[in-house]
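# Notes for the structure review
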Amino acid sequence: MEEFKTLTREELKSWMDEEKDFVLVDVLSEGSYNSKHLPGAKHASVKESDFQEKIQEMVPEKDKPVVVYCGSFSCQLSPFAAHKLSEMGYTEVYDFEGGLADWQDGGYSLEGATAEEEN
């Protein structure tokens, strides 16, 4: 059985446009997050020891949809994070595989320090 599902950028964009009730989590480093992230994304670096605690604070409901992403299709942090969330008992886990690079390739805007310079 698959532990988590994947989302395309079009699916994620439509979720945002529809204001679907979900939590979007950037699992990259804090520096990367501060530099640029998807609109409305929260931050929890999957490489940090407090990743699980941060997720539990952000998303106390285990049945709420959680979408994780990292840098690009080749980045393995978001599938790793999605796997961890499934292990933690979250039932609606999605990996936006394309991450930051795919989002920008789609022409969508980002938030953060360097994103403001680019917009």
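For the structure, check the block above.
Every chain's residues receive numbers from 1 upward, in the order its sequence appears when written. Owing to the predicted nature of the model, reporting of local features is limited to residues with pLDDT of at least 70; listing and counting of side-chain atom pairs is limited to 80 or more, with chain, interface and lining totals taken over all residues. The basis for the side-chain values is all heavy atoms of the structure; hydrogens and waters are excluded.

### Quick look at unusual backbone geometry
The phi angle of most residues is negative, glycine excepted, and most peptide bonds adopt the trans form. For Glu19, which is not a glycine, the phi torsion comes out positive at approximately 55°. Along the polypeptide, Glu19 turns up in the loop between helix H1 (9-17) and strand E2 (23-26). Numbered from the N terminus, helices here are DSSP runs of H or I no shorter than four residues, and strands are runs of E no shorter than two.

### Quick notes on the sheet that holds strand E4 (residues 66-69)
Strand pairing is assigned whenever DSSP identifies at least 2 bridges connecting the two strands. Spatial strand order, E1-E5-E4-E2-E3: five strands in an open sheet with parallel pairing. Here the strands that pair on one side only, and so sit at the sheet edges, are strand E1 (5-7) and strand E3 (42-43). Two elements, E1 and strand E5 (residues 93-96), share three bridges in a ladder whose sense is parallel. By the bridge assignment for E5, Thr6 is matched with Asp95. In this analysis, two residues are considered to be in contact whenever any of their non-hydrogen atoms come within 4.5 Å of each other. Note on geometry: axes are C-alpha line fits, over the in-contact stretch for helices, and angles between N-to-C directions span 0 to 180 degrees. Contacts from helix H4 (residues 77-87) reach E4 and E5 within the one sheet, and its direction differs from that of E5 by about 180°.

### Looking at the pattern of salt bridges
Salt bridges are counted wherever a side-chain nitrogen of Lys or Arg sits within 4 Å of a carboxyl oxygen of Asp or Glu. Taken as a whole, this structure holds four salt bridges when the rule is applied. The residue Glu10 makes a salt bridge to Arg9 at a minimum N-O spacing of 3.3 Å. Residue class for Arg9 comes out buried when judged on its relative accessible area of 18%. Note that Asp21 and Lys64 form a salt bridge whose closest N and O atoms lie 3.1 Å from each other. One end of the pair, Asp21, is in the loop between H1 and E2; the other, Lys64, is in the loop between helix H3 (51-58) and E4, with 43 residues separating them in the sequence. Members of the salt-bridge network, linked through shared partners, are Arg9, Glu10 and Asp102. Only protein chains enter the accessibility calculation, which uses a 1.4 Å probe; a residue whose area is less than 20% of its type maximum is buried, one above 50% is exposed, and one in between is partly exposed.

So far we have only geometry, and geometry alone does not tell us how the molecule works.
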